[in-house]
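# Architecture and fold: a report
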Amino acid sequence: MTATAVRPAGPAPSDLPHGVAGMPFAKAINAGLRAALASDDKVLLMGEDIGALGGVFRVTEGLQAEFGEDRVVDTPLAESGIVGTAIGLAMRGYRPVVEIQFDGFIFPAYDQITTQLAKIHFRTAGRIELPVVIRVPFGGGIGAIEHHSESPEALFAHTAGLRVVSPSSPQDAYTMIQEAVASPDPVLFLEPKGRYWEKGDVDLDAPVGVGAAARTLDHAAVVRPGTDVTVVAYGPTVHTALAAAKTAADEDGTSIEVVDLRSVSPVDVPTVVASVKKTGRCVVVHEAPTFHGVGAEIAARVTEECFYALEAPVLRVGGYHAPYPVAKLEHDYLPSVDRVLDAVDRVLAH
Amino acid sequence: MTATAVRPAGPAPSDLPHGVAGMPFAKAINAGLRAALASDDKVLLMGEDIGALGGVFRVTEGLQAEFGEDRVVDTPLAESGIVGTAIGLAMRGYRPVVEIQFDGFIFPAYDQITTQLAKIHFRTAGRIELPVVIRVPFGGGIGAIEHHSESPEALFAHTAGLRVVSPSSPQDAYTMIQEAVASPDPVLFLEPKGRYWEKGDVDLDAPVGVGAAARTLDHAAVVRPGTDVTVVAYGPTVHTALAAAKTAADEDGTSIEVVDLRSVSPVDVPTVVASVKKTGRCVVVHEAPTFHGVGAEIAARVTEECFYALEAPVLRVGGYHAPYPVAKLEHDYLPSVDRVLDAVDRVLAH
Amino acid sequence: MIEHSDELVQLVGPDGEPVVSEANAPYRERAARYLLDGPEPDAAAERLRGLYRDMALVRRFDVEATSLQRQGELALFPPLLGQEAAQVGSGRALRSQDYVFPSYREHGVAWTRGMDLADVMPIFRGVEHGGWDPAAHNFHIYTLVIGSHALHATGYAMGVQRDGLVGTGDAARDMAVVAYFGDGATSQGDVSEALGFAAVNNAPVVFFCQNNQWAISVPTAKQSRVPLARRAWGFGMPGVRVDGNDVVASWAVADEALERARSGGGPTFVEAVTYRMGAHTTSDDPTRYRTSDEEESWGRRDPIARVRAYLEKYDAWDDAREAALLAEADELGEHVRTTVRAMDAPPASRLFEHVYATPQAQVAAERAAFEAYEAGEPVSSPFEGLLDSPATTGGNR
Amino acid sequence: MIEHSDELVQLVGPDGEPVVSEANAPYRERAARYLLDGPEPDAAAERLRGLYRDMALVRRFDVEATSLQRQGELALFPPLLGQEAAQVGSGRALRSQDYVFPSYREHGVAWTRGMDLADVMPIFRGVEHGGWDPAAHNFHIYTLVIGSHALHATGYAMGVQRDGLVGTGDAARDMAVVAYFGDGATSQGDVSEALGFAAVNNAPVVFFCQNNQWAISVPTAKQSRVPLARRAWGFGMPGVRVDGNDVVASWAVADEALERARSGGGPTFVEAVTYRMGAHTTSDDPTRYRTSDEEESWGRRDPIARVRAYLEKYDAWDDAREAALLAEADELGEHVRTTVRAMDAPPASRLFEHVYATPQAQVAAERAAFEAYEAGEPVSSPFEGLLDSPATTGGNR
Ligand SMILES: Cc1ncc(C[n+]2csc(CCOP(=O)(O)OP(=O)(O)O)c2C)c(N)n1
Ligand SMILES: Cc1ncc(C[n+]2csc(CCOP(=O)(O)OP(=O)(O)O)c2C)c(N)n1
Ligand SMILES: [Mg+2]
Ligand SMILES: [Mg+2]
């Protein structure tokens, strides 16, 4: 089960040309899911309100009508039940793609994810694979009430057996969701909901890694080259990092290299290290609280690998050690272009 | 509710003299719980098998007989239910001390802990305090089957609103459990089960911080002074670190300073930083996997605060990015004296 | 053989006609205080007009809040439209010492607790996570994670038991706890665990489930293939189905359950069969998943029109009363509008406040860094100021 | 009015006497193949001796395993002592295509699936987490986290439905799924959620609960104040109580439930009332929480002695048979002992194997570091070797 083929993207949605300019992020995921459903009839979608409603963000819009109620399943309102039955379905050969309605509602399923989904492959000495994808709209910036804006990635990345990824652009969203579905390992697929309406060009024929080749899912991408400081980001903050890089370049010519991590478990250490060895400085940006967050792992690892190359300690920009705040304060809480640039200034000042 | 008194330890168990030589770790917790029950009749113990059986490790032995079934409560087998009802009891003015039977069984309660227990104080703008203690025998080394040896601290330390502590000696176990019970904030109290049978001298009259003074709970302790390398540990690995320090001193005179973190949320940064500024080198040791683990936060923070003092990157010694292994392999998995010394050698080699 | 009934308790029918049956006789007796064909018709009419007023005002609040959201004054609002009878009926059966754990749609219950309904708004305006003092009216803040508060209610009730406030016979002291939740919530493990803990502890708690037929877009049939009230039987507690659009029946069934709880008779599960006449929240679009036929058919069972018809049938309502009520509603609407518009965002320092009840170093350090950054003087080592905190010494080892 | 029964299905009484009642008539008919006073007494005796043999061998295994633990050959063992009838009865009602999700005490079910019982041991010796190939006998590995596998079973059954293997009428193809768990497990939210998902999906799954009266030290009364089988009614599925110490009744009730599942009739919950005659595990000391009176009283309801008495009553057992069975048991014991003692610890590389199905960089790096350390040549940068993995380029943005 470790086929290394790179297959072409699944049959593209019939109502779309193969290269789409200005496709919204959410629609790109929809197209990716549709391709996955069309190319393998073991693929199922499961979740609350994903059928007739098309999900609260309309990411699954039209899919139940196209693939039927047995493949796009409105489940009872119980996250542990959703993930637990998805595990059973996967044991029976299905490839369930589960939607958790919002980040803050994933925790009732925590035991099933951490102790069952992540570990059954190990526990059975590889006899059972669980190709389950858990899609979670995560992150803030949409002015929502509590539990609708959290970034729980660190709470999953620590657990072996899961892959934890987050796309930052419509193109990646389209490709990575298909790679996640093709992955024989369970994947927590974090969708930056604050970017759902952002548009990008999407090549519907972009190659999709399957089997071992789905390890492209693990790879970081240098999304903007630079020479002075490396800014590492993923999901929603890639956009922020790119904006900061542009501002810095425009304002004082500081050259920021932006690495889109894409995967926080595993971390593509070589790509990050190569960048930091070049720039000598590193800032990590995520929305989640920095304390015991993903940035800590990046900082610790980068320091270990680049100790003599580093001109300054790796700084972290992220949420505070506090629950996600009320909507009216979220812009003080979220990493902004200014806060990124402040950290860049600080590493440059060393 | 932020009284700053330091009160004497609760009434000492009547059948024990006030200074006890060679008291086992588990018995010290028992004595601390008994003191807490005796000094405040709002204190309740709740959990599976904690009554007549005294818990599977006998930590609550004799307490139901002494305080009755309404205060030492055998609950139904449902961790979410246990923590969720403890929250309700705390809202009604009680101070529940919940036992989770083993580390690996805490996850069904994850939603209640992360989303409710940790955040209700913030959510109600301080109107509701939840003085709930969750006791968890954690860590490995006892030759147990799966789920009985895990170290989940990083999965809780990231969440604001919780305090996450772990005692490393019978004296601290005795004092810290009382401070945890006295704390107006919820405390995850991680008991290194592999040390339950180890003995130490316990002063039953040692002062117990209550109210704001319970912040002694937050403090790290320099448990062995040294000059060459700082080894940071907590819970079960403090013992390992001390053994490594002794070996190093005996074998080649390397002087290791051992810092017992005691709390992983918050982290007593000043104490760790002061040590590393002195030694210039740091190794963090815990049983949990290092990837996205507590050591990452320590390494990142120490590097940030001590960048120019550091002679080598902070190294981490801990579990691997894998589920806890079978008992027969746990000694390859757990940080050993040798692995600690290997890391010490490596930071010294820089 | 164990016998259970699925029958719906109903005392006033959809067209305002009294419903008299052998099965509902005990409830008719219990609810005599509200029945216009009962022993004290005048007093009953006065009381029932009170419930009518409650429902009418709560509905006005609901409409007002929905339009405030449309105007951009609120981020979101979950209307209770159509569920007024279930909420007002059960809410009016509460005594002041009882304690309520609402879900997020219980504005009608909030009203019966004596809350200023404007206080419900901060959470929906995005300026507070809670918004009111739970102790002020024994009405907990809203819980958004479906079902989790059912356990809090059960634990709270276990505390009430330990406080000796059950079955003393003192009406002013004995107390009950109520958890409100929806049909969808019944699928959550936490709700089942709550039923289990409540039953084995015989805790004084009432689980009041408003089956409004929908969990966002998912119909109740996808949560359970049998009536939800049966769920209770399996845990060993009474499960009662009531017409949740009949305010008198809702009152009677809640009153019975609360009395059972307060007197030591243990928990009860009530399924109030009702209908969410509006959208799930202001973000929702029900036309995507349900028919207008269905909406119209439930519209004919409107809980407020029903009481009005019943009152009119007994000549207990008139235009003057209606006009006075309308004026009162206008006033309430005005009050809510003004208050909401005046609700400011909290200061940014709120980010760091109340995270813990006692000082915490990580929060203090981040707050210091934030304040320095805001002031344009970033500090690189916010922990430095904390360096004076004494390290604990090792104790005996 | 809905009617339910708490009655215990029993076909052979504690002293080996046939039990005949109006209520159990359908089960007597179903179980005729095992009844010595039925239509085919000789064939029935032959079959029943098979069940007797199963139980006797399983018990020998259990005793053997317990003593292996005492000798330090196993880290821990959870004996099934006393639950042989519930397990063998239900296990023998399975067809080979059915799929079983055991808890951790289902050694008797493992036996009926055709497993070599020595294969159950690696997990208890601490050399494997699983220990056998679930696909070999459609018998999943043990699940230690109470109740979580009930959802896996339900999901698996939903897969079976999608595969079209329910209600085809083809006895060799239609399949059922069974989840085994204990009385304590019924309190877990996951088990309730599983009942809910199974019911609304009408999934072909049987929830087989062995109520052995204890969850470690906690008696069943602290999990539920009514018989556990009632739990099912609340979710809309049949809940049947059976004497779990009566192998024939256990077979009959399981057979009925499995047939219902396979034929498309949906899920069933079975409560097999039995007793854990031994300790919870070899680490447990039951004298701390239960009386010897209780143990003795249940000892008189021993499921194996009961069948022996029943067979003897009908002259269907003799000393020669007993001696042969004993010899077979000795052989099994010997086999288990030898096999267990030969089970070695896996190589340390197992720490890193099967963490993922596809290569993963973190694991690879840590493994490289571990191997270097073991070889006495620690590497400081294990990720270096991975530096050749190509970074993805940014795609269109
Ligand atoms: C644990 C959890 N999962 C999902 C959600 C998202 N969500 C909010 S309301 C809702 C439907 C609730 O339906 P029901 O319980 O019937 O209550 P109603 O809204 O109809 O009053 C869902 C799925 C949530 N709030 N919590
Ligand atoms: C989620 C979880 N919590 C706690 C435990 C610890 N534990 C192991 S067995 C057991 C009792 C189980 O009782 P029951 O369900 O009746 O099964 P039995 O052991 O009697 O067969 C407990 C509490 C566990 N394994 N999983
Ligand atoms: Mg609803
Ligand atoms: Mg049991």
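The rules behind the values
- Residues numbered from 1 in each chain as written.
- Chains lettered and ligands numbered in written order.
- Predicted model: local features only at pLDDT ≥ 70, side-chain atom pairs only at ≥ 80, totals over all residues.
- Heavy atoms only, no water.
- pLDDT = per-residue confidence, 0-100.
- Contact = heavy atoms within 4.5 Å.
- Near = heavy atom within 4 Å.
- Polar contact = N/O pair within 3.5 Å; in protein donor to acceptor, adjacent residues only side chain to side chain.
- Areas by Shrake-Rupley, 256 points an atom, 1.4 Å probe, with all protein chains shown as cover.
- 1 Å grid on protein atoms, 1.4 Å probe; cavity = no way out; pocket = protein on both sides within 12 Å on 5 of 7 lines; lining within 4 Å.
- Sits in = over half its atoms within 2 Å of the grid points.
- Nonpolar A, V, L, I, M, F, W, Y, C, P; charged D, E, K, R; others polar.
- Donors = N, O, S within 2.8 Å, 3.2 Å for Na, K, Ca; no water.
- Buried < 20%, exposed > 50% of the residue type's maximum accessible area, 1.4 Å probe, protein only.
- Buried area = accessible area lost by both parts, 1.4 Å probe.
- Salt bridge = Lys/Arg side-chain N within 4 Å of Asp/Glu carboxyl O.
- Helix = DSSP H or I, 4+ residues; strand = E, 2+ residues; numbered from the N terminus.
- Domains from an automatic or database assignment.
- Pairing = 2+ DSSP bridges.
- Axes fitted to C-alpha atoms, helices over the stretch in contact; angles between N-to-C directions.
- Left-handed = near helix turned anticlockwise from the far one by under 90°.
- Patch = residues over 30% accessible without salt bridge, like charges linked within 9 Å, V, L, I, M, F, W, Y side chains within 5 Å.
- Lys, Arg positive; Asp, Glu negative; His and termini not counted.
- Charge placed at Lys NZ, Arg CZ, Asp CG, Glu CD.

## Side note on the confidence of the model for chain A
- A residue-level look at chain A finds 93% of positions with pLDDT of 70 or above and a mean pLDDT of 94.
- Here residues 1-14 of chain A is a poorly scored stretch, pLDDT under 50, and it has 41 contacts once near neighbours within four places are set aside; other chains count.

## Considerations on the site of ligand 2
- What surrounds ligand 2 is a group of 20 residues, the closest being Glu79(B), Tyr104(D), Arg105(D), Leu144(D) and Asp183(D).
- With respect to ligand 2, its neighbouring residues span chains B and D.
- Glu79(B) places a polar side-chain atom, nitrogen or oxygen, 2.5 Å from a nitrogen atom of ligand 2.
- Trp214(D) has a polar backbone atom sitting 2.8 Å from an oxygen atom of ligand 2.
- Expressed as a share of its isolated accessible area of 580 Å², the protein-covered part of ligand 2 is 95%.
- Of all the cavities here, the one that holds ligand 2 is the second largest pocket.
- In the shell around ligand 2, the residues fall into ten nonpolar, six polar and four charged.

## Re the coordination of the magnesium ion (ligand 4)
All names here are of chain D.
- The coordination sphere of the magnesium ion (ligand 4) contains the protein donors Asp 183 (OD), Asn 212 (OD1) and Trp 214 (O), at a distance range of 2.0 to 2.1 Å.
- Along the chain, the residues donating to the magnesium ion (ligand 4) fall in the pattern D-x28-N-x1-W. In terms of burial, Asn 212 and Trp 214 fall into one category: buried.

## As for the interface of chain A and chain D
- Across the contact, 68 residues belong to chain A and 55 residues belong to chain D.
- Where chain A abuts chain D, roughly 4900 Å² becomes buried across the two surfaces, and 58% of that area is made up of carbon and sulfur atoms.
- Among the residues chain A hides against chain D, the three largest losses belong to Arg92(A), Phe122(A) and Arg127(A). Together they make up 15% of the total.
- Remark: the boundary between chain A and chain D carries two salt bridges.
- Where Arg92(A) meets Asp163(D), a salt bridge forms, and the shortest distance between an N and an O atom there is 2.6 Å.
- Counting across the chain A and chain D interface gives 22 residue pairs in polar contact (both at pLDDT 80 or more).

## Section: unusual backbone geometry
Residues and elements named next belong to chain A.
- Note the cis peptide between Ser 265 and Pro 266, where omega equals -5 degrees.
- Its place among the elements puts Pro 266 in the loop between strand S14 (263-265) and helix H9 (269-279).
- Despite not being glycine, Ala 125 shows a phi value in the positive range, around 55 degrees.
- Mapped onto the elements of the fold, Ala 125 is located in the loop between helix H5 (120-123) and strand S6 (133-138).

## Examining the domain arrangement of chain A
All names here are of chain A.
- Parsing chain A into structural domains produces domain 1 (19-217) and domain 2 (221-348).
- The straight-line distance from the C-alpha centre of domain 1 to that of domain 2 is 26 Å.
- Each partner contributes residues to the interface: domain 1 has 27 residues there, and domain 2 has 22 residues.
- Taking both partners together, domain 1 and domain 2 bury about 1900 Å²; carbon and sulfur atoms supply 50% of that area.
- By the criterion of area lost to domain 2, the three top residues of domain 1 are Glu 153, Ser 168 and Arg 195, representing 23% of everything that side buries.
- Taken together, domain 1 and domain 2 are joined by one salt bridge.

## Topic: the domain arrangement of chain C
- Looking at chain C, the domain boundaries give domain 1 (8-341) and domain 2 (347-389).
- Between the C-alpha centres of domain 1 of chain C and domain 2 of chain C the distance comes to 43 Å.

## Observations regarding the sheet that holds S6(A)
Residue and element names in this part refer to chain A.
- Strand order in the open sheet formed by seven strands is S4-S3-S5-S6-S8-S7-S14, with mixed pairing between adjacent strands. Edge positions in the open sheet fall to strand S4 (72-74) and S14, since each of these has one partner strand only. Adjacent strand axes in the sheet meet at a mean angle of 20 degrees when their direction is disregarded.
- Alignment of strand S7 (residues 163-165) against S14, held across two bridges, turns out to be antiparallel. Paired with Val 165 across the strands is Ser 263, a residue of S14.

## Some points on the packing of helix H8 (residues 236-252) of chain A against helix H12 (residues 337-349) of chain A
Residue and element names in this part refer to chain A.
- For the pair H8 and H12, the least separation of the axes is 9 Å and the interaxial angle reads 60 degrees. Of the two elements, H8 crosses H12, and the hand of that crossing is right-handed. Counted together, Thr 240, Ala 243, Ala 244, Thr 247 and Ala 248 of H8 and Val 337, Val 340 and Leu 341 of H12 form the full contact between these two elements.
- Of the residues belonging to the contact of H8 with H12, the class tally is six nonpolar, two polar and no charged.

## Observations regarding the pairing of strand S12 (residues 229-233) of chain A
All names here are of chain A.
- For S12, the buried fraction is high: five of the five residues fall into the buried class.
- What you see with S12 is no split at all: Val 229, Val 231 and Ala 233 on one side and Thr 230 and Val 232 on the other are buried throughout.
- Two strands pair when backbone bridges link them, and S12 and strand S13 (residues 256-260) are joined in this way by five bridges, in the parallel orientation. Bridge pairing in S13 places Ala 233 opposite Asp 260.

## Description of the site of ligand 1
- Looking at ligand 1, there are 20 residues lining it, with Glu79(A), Tyr104(C), Arg105(C), Leu144(C) and Asp183(C) nearest.
- For ligand 1, a nitrogen atom lies 2.5 Å from a polar atom in the side chain of Glu79(A).
- For ligand 1, an oxygen atom lies 2.6 Å from a polar atom in the side chain of Tyr104(C).
- Across the complex, the protein chains shield 94% of the 590 Å² of accessible surface that ligand 1 would expose by itself.
- Its residues assigned to classes, the shell around ligand 1 shows ten nonpolar, six polar and four charged.

## Points about the pattern of salt bridges
- Summed over the entire model, instances satisfying the criterion amount to 92 salt bridges over all chains.
- Where Glu66(B) meets Arg34(B), a salt bridge forms, and the shortest distance between an N and an O atom there is 3.4 Å. Pair noted here: Glu66(B) is in helix H2 (residues 63-67) and Arg34(B) is in helix H1 (residues 25-39), with a separation of 32 residues, a long-range link.
- On the basis of relative accessibility, which here comes to 45%, the residue Glu66(B) falls in the partly exposed class.
- A salt bridge links Arg125(D) to Glu73(D); the shortest N-O distance between them is 2.8 Å. Pair noted here: Arg125(D) is in helix H5 (residues 121-125) and Glu73(D) is in the loop between helix H2 (41-70) and helix H3 (84-92), with a separation of 52 residues, a long-range link.
- Shared partners join several salt bridges into a network, and the residues in it are Lys42(A), Arg92(A) and Asp163(D).

## Some thoughts on the interface of chain B and chain C
- Listed as interface residues are 68 residues of chain B and, on the opposing side, 55 residues of chain C.
- Taken together, the two surfaces of chain B and chain C that pack against each other cover about 4900 Å², and 58% of this comes from carbon and sulfur.
- Between Lys42(B) and Asp163(C) there is a salt bridge, with its nearest N and O atoms 3.6 Å apart.
- Along the contact surface separating chain B from chain C lie 22 residue pairs in polar contact (both at pLDDT 80 or more).
- With nine residues, the single largest contributor to the side of chain B that touches chain C is helix H3 (residues 79-91) of chain B.
- Each residue belonging to the side of chain B that touches chain C can be placed in one class, and the counts come to 26 nonpolar, 23 polar and 19 charged.

## Remarks on the coordination of the magnesium ion (ligand 3)
All names here are of chain C.
- Each protein donor to the magnesium ion (ligand 3) is listed here as Asp 183 (OD), Asn 212 (OD1) and Trp 214 (O); together their distances run 2.0 to 2.1 Å.
- By relative accessible area, Asn 212 is classed as buried at 5%.
- According to the relative accessible area criterion, Trp 214 is buried, its value standing at 9%.

## Some thoughts on a negative patch on the surface
Residue and element names in this part refer to chain A.
- Residues Glu 251, Asp 252, Asp 338 and Asp 345 make up a contiguous surface patch of negative charge.
- Those elements giving two or more residues to the negative patch turn out to be H8 and H12.
- One can find Asp 252 in helix H8.

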